[in-house]
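# Remarks on the overall topology
Here are the chains, one letter per residue:
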Amino acid sequence: MPSRRLIHTLADLLALADRRQLLLGAVLSVVTVLAGMALLGLSGWFITATALAGLIPATALAFDVFAPAAAIRLLAIGRTGSRYGERLVTHDATLSLLAHLRARLFRGFARPAAARDLLARPARLLFRLTNDIDALDGLYLRLMVPFSAAFGATLAAGTALGLLAPWLGLGLALFLGGIGILVPVATALAGRRPARRRAHGLEALRARTIDLVDGQTELAMAGRLAAQRDAVRRADAYLADADDRLNRIETGAGLAFGIAGSLALALVLAGAGLLVEAGRIDTPLAAFALLIAVAVMEPFGALRRGAAEIGRTLLALDRLGPRIRDGAEMPVPARPDGSTAVLLDNVDFAHEGVARPVFTALDLRIEAGETVALIGPSGAGKSSLLALIAGEATPRSGRCAVRPTALLTQRSELFRDTLAENLRLAAPDADEARLWAALTAAGLAGDVGEMADGLETRLGDGGLGLSGGQGRRLALARMFLRNAPVWLLDEPTEGLDRETAVDVLARVRAAAAGHTLLLATHLRREAAIADRLLMVGGGGISREARRGEPAFEEMLAGLRAG
Amino acid sequence: MLAAFVWLPQAGFIALAVQRLADGGGVDAVLWPAVAVGLLGVLRAALDALGARLSYRKARHVLSAARARAVDVLAAGSPLDTRRHPAGLAASVIAEQAEAVLPYLSRYKPVRMRVMVLPFVIAGAVFFFSWTAALILLVAAPLIPLFMALVGWRAKAASEAQLAEMGDMNAFLLDRLRGLATIRGLGAVETTANRVHGAAVSLKERTMAVLRIAFLSSAVLELFSALGVAMVAVYVGFHLLGQIGFGAWGGTLGLGEALFVLLLAPAFFEPLRDLSAVWHDRAAGVAGLAALDGLMAPGLEMPGALSAGSRVPARAGALSVDLRGLSFGHEGAPAPVFDHFDLHVRPGERIAVLGPSGAGKSTLLSLIGGLAPASGGRIAIGDRLMTAETAADLRQGMAWIGQRPHFFAGTLRANIALGRPEVDLATVETAVAEAALQHVAGPGAARDLGEGGLGLSGGEALRLALARAAATPGLGLVLADEPTAHLDRETAAEVTAGLLRLTEGVTLIVATHDPALAAAMDRTIRIGGRSTCQAVA
């Protein structure tokens, strides 16, 4: 049942938060509303009472004006203070919750299956993720807080009027309570589908715009630019239609609250008339009751926007739920025995959604300390084999057991952070001396030494401010820092000029002593440092040669020079 | 706007009802005021809803129109325009940034209008009964514009800072997720998760520091409004007791009048509070409008971009290409790329264009394909001149093979057909076979490519581009832009063979650095600088 899963996700989410803080925020919001109601109610009572007292000079002199006047001023100041406190506490609570949520989501996405999905559609999933997180920030601020404020106001108004006449208080509380539950629930139900459609419309609008711009040449040559333009417009129309429905629903909720408030006010007025006629209350108390009824509707206004957003919030909870859950624990990979570093036993592997397997019944054993190069034409499965060994890909069947690995991917990412933090990814506790040692081993110490901020240099988006060669050396230094016995390198010198490439390879060899090294490559210069060459193709290892064998030189010669 | 005014008679009827109760009336005396209060309330709610809907629809209309214009400009721009927005940026402007315009237009603007009018009307109504109460209101809000400026200035800085910080926090997470492969490769998931949390917490601290100031300024507004209401209540109370005689035009306020004044006091401040609530809509909305305007800036246009062509299959057969006195230069660049350039390619001829990076090889192909207007000279494809009117028709007989083909999210079949109505499944299957893509295509070429061609190698991506070209009905000319760059030797040889198969009896112009590919052509020309020397192979 989907709603049950949602409740679990909600519980997971709230478990991340500081519950005392959440509660405090809600309590303060109630206090604020109550102070506002008391301010208006007391003022009404005060004016009416003074008016009546003022008619007779003797009572006018005896009338104690100072206590109510002081109370009115106190309420005015108290209300402001509690509103300020409420806003601070609720925003603090929301931001703390989001901080925990982001870390949890990161762990969830780092699970292999989720990570693969993410790699398949990075732009779309990351965009969706941002929007989902933003939607969750309204859950507490725009839904839970206004709801508790409305609930508190209803309860307080019911109690206050109930002291005058139980039926009046009970009636008002039941009426407003019913409205306060019914309208948001109806709004949420009606808004669920349009909210989902709206989110999809926005994603489609984005994806189609990207296709229009990036695929413009292809579309122009096929005469399909106008068609794509129309597709973008259709996405906008779809989005506009869903959003219009949502707006209609939200406005409808506002209308319902407005009508309910007016009815409540009219009924309280009539009820107060009855009570005065029966002599149960005097006019000042009637004025008090009326002004309470005026003030009680204030928090309901804030509730309507939250209610209209429920659909979007539920969608976010639904989509993030598995990642929030997954983020709680991490799986443990299998390790080989003895002197073996990498063991693949009867492994079948295929890309998701593709029937044709990349590998069938693949066996591979690499001993600790070996340097092995994987060669073969593009698309033969070199990168897939590295991914299997690194645990990035899961075989359809068969066993993979590998000692801890460090993988240097083709496009090694540099992160928006300082150089030191980029390095410490691999070794969180490394001191500066160790960082410098790694930089020296990678041949980057000189360049970093010349930077004004040294290790504290900030790298921009994707490591802006470093050349291709420097970026590769930084990635290398990071791998050196990582305390893993098996190093996996995917085309480590691709795109580097010859001089840099030769230097980088020499440094890899020097630092690799005592490590098992696996390179995927189509360049002769990279394969030449290996002790063993494996030709990947035809669903497995098609050819193999060790250094010294004639086939070794033959296979090397078949590779691209460089 | 009108809805807010309905509160005046509503408050009047409430005050009247209490007056009648004080005068000794019972339920009969308050019955019709109660009905009036109820009906006016319903009217007010209805007017409120109507106003919200009207301003929403208007804002939606404005937004859709602006989006449509921006998309037109994006579609019709030339890929050679150096000032073109990158796809990610353009998409973010068209999608989420533009959407932020909506709350600004539909919520902020009406509230701002209310602030300009409503407080003065209410103060006027209060003034009619008691100048002192009106004075208290005006003193409590010491010059509303000053207040607005204070709140606005603070809230604006705060909301902009907060938006930026929130954006930073998202960017931080996205940055780490984008590099997830690297992080997993380094076994640094846990470390990074802790860093993500730490960064979010430190951003939270900074955001809260800004918010504290922002909330303080709105607290000042709240305080003045609450004190204003309280002081009006206290003044009216003392006045009614007879302890303050002045303020009501020489007379004494009745209970009903006094209550009316009290009920109006909160309404006086309400628009101001509404304004501070919607203030952050403004910053995002103004930024969104500016970004949309930026997209719409005119630039280099593609001839006949939005025309679909006649869709009549072009005459089958190789096309000649004839360039006479062709000139083209990038705006702002010191020297033109081409200055009176001549070239003739016979029908069915296959030529390679060589030259250093930046010599204009890709530009030449783009000009022949009509993707950018030449600034001088003429281009003839077959027997027709390339103009804005004929460009779309001429492109029908051509195919383009780029060095990194773009993948559209969807199936392989859709990626080959590209939505061309004349390309049916049989054509796609033939094209798949011709490009030797069967092993990745799946039955009916229904394989889902994901975003950016998931699982396709560089060679397979190029073969997909070959299949796209092969599916073009009446293909007469193929333009290929460095098709073998980024490929290893073996794959490059396969792609070259595929290209030769595809262009049997078809004209081919290929820009390349690859000597092996160039050697397979009938002729090579070398461009670079102003002089152009041609060599016949």
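Residues numbered from 1 in each chain as written. Chains lettered and ligands numbered in written order. Predicted model: local features only at pLDDT ≥ 70, side-chain atom pairs only at ≥ 80, totals over all residues. Heavy atoms only, no water.

Attention shifts here to the sheet that holds strand S4 (residues 397-402) of chain A. Residues and elements named next belong to chain A. Strand order in the open sheet formed by three strands is S2-S1-S4, with antiparallel pairing between adjacent strands. In this open sheet, the two edge strands, each paired with only one partner strand, are strand S2 (359-367) and S4. For this sheet, the mean inter-axis angle between neighbouring strands, taken without regard to orientation, is 10°. Pairing of strand S1 (residues 340-349) with S2 involves six bridges; the strand directions are antiparallel. In the sheet register, Phe-349 faces S2, and the bridge partner there is Phe-359. (Pairing = 2+ DSSP bridges. Helix = DSSP H or I, 4+ residues; strand = E, 2+ residues; numbered from the N terminus. Axes fitted to C-alpha atoms, helices over the stretch in contact; angles between N-to-C directions.)

Even without being glycine, Asn-346 of chain A reaches a positive phi, approximately 55°. For Ala-436 of chain B, which is not a glycine, the phi torsion comes out positive at approximately 55°. Position of Ala-436 of chain B relative to the elements: it lies in the loop between helix H13 (425-434) and helix H14 (438-441).

Turning our attention to a nonpolar patch on the surface. Residues and elements named next belong to chain A. On the surface, a nonpolar cluster with roughly 620 Å² of combined accessible area is contributed by Phe-147, Phe-151, Leu-155, Ile-181, Val-185 and Leu-189. Counting residues per element, the ones that place at least two in the nonpolar patch are helix H6 (122-164) and helix H7 (166-214). With respect to the helices and strands, Ile-181 occurs in helix H7. (Patch = residues over 30% accessible without salt bridge, like charges linked within 9 Å, V, L, I, M, F, W, Y side chains within 5 Å. Areas by Shrake-Rupley, 256 points an atom, 1.4 Å probe, with all protein chains shown as cover. Salt bridge = Lys/Arg side-chain N within 4 Å of Asp/Glu carboxyl O.)

We now examine helix H14 (residues 432-442) of chain A. All names here are of chain A. Residues of H14 that are buried: Leu-435, Ala-438, Leu-439 and Ala-442. Buried positions in H14, seen along its axis, are confined to an arc of 100° and lie on one side of it. Where H14 ends, the next residue or the one after it, Gly-443, has phi of about 75°, a positive value. (Buried < 20%, exposed > 50% of the residue type's maximum accessible area, 1.4 Å probe, protein only. Arc of directions from axis to C-beta.)

Turning our eyes to something else, we now look at the confidence of the model for chain B. Here chain B averages 83 in pLDDT, while 90% of its residues score no lower than 70. Across residues 530-537 of chain B, confidence stays below pLDDT 50; counting only partners more than four residues off in sequence or on other chains, it has 19 contacts. (pLDDT = per-residue confidence, 0-100. Contact = heavy atoms within 4.5 Å.)

This part takes up the interface of chain B and chain A. One frequent convention defines the size of an interface as the accessible area lost when the parts assemble. Contact with chain B, which involves 150 residues of that partner, is made by 142 residues of chain A. Summed over the shared surface of chain B and chain A, the result is 14 salt bridges. Of the charged contacts, one joins Arg-198 of chain A and Glu-99 of chain B as a salt bridge, the two residues approaching to 2.9 Å between their closest N and O atoms. Across the chain B-chain A interface, the total number found is 33 residue pairs in polar contact (both at pLDDT 80 or more). The greatest single-element share of the side of chain B that touches chain A, amounting to 33 residues, is contributed by helix H8 (residues 189-241) of chain B. (Polar contact = N/O pair within 3.5 Å; in protein donor to acceptor, adjacent residues only side chain to side chain.)

Residues and elements named next belong to chain B. Per the counting criterion, the structure on display carries ten aromatic pairs over all chains. Here Tyr-104 and Tyr-108 contribute two aromatic rings whose centre-to-centre distance is 5.6 Å and whose plane-to-plane angle is 25°, an arrangement assigned as stacked. Remark: Tyr-108 and Tyr-104 occur in helix H4 (residues 101-129); sequence separation between them is four residues, near one turn of the helix. When sorted by exposure, Tyr-104 lands in the same class as Tyr-108, which is buried. Ring centres 5.2 Å apart and planes at 90° place the aromatic pair Phe-128 and Phe-129 in the edge-to-face group. Here Phe-128 falls in the exposed class, since its relative accessible area comes to 63%. (Phe/Tyr/Trp six-rings, centres within 6.5 Å; stacked < 30°, edge-to-face > 60°.)

Turning next to the pairing of strand S5 (residues 405-408) of chain A. On any regular strand, side chains alternate: one points to one face of the sheet, the next to the other face. All names here are of chain A. Of the two faces of S5, the one lined by Thr-405 and Leu-407 and the one lined by Ala-406 and Leu-408 are each fully buried. With four bridges connecting them, S5 and strand S6 (residues 486-490) associate as parallel partners. By the bridge assignment for S6, Leu-408 is matched with Leu-489.

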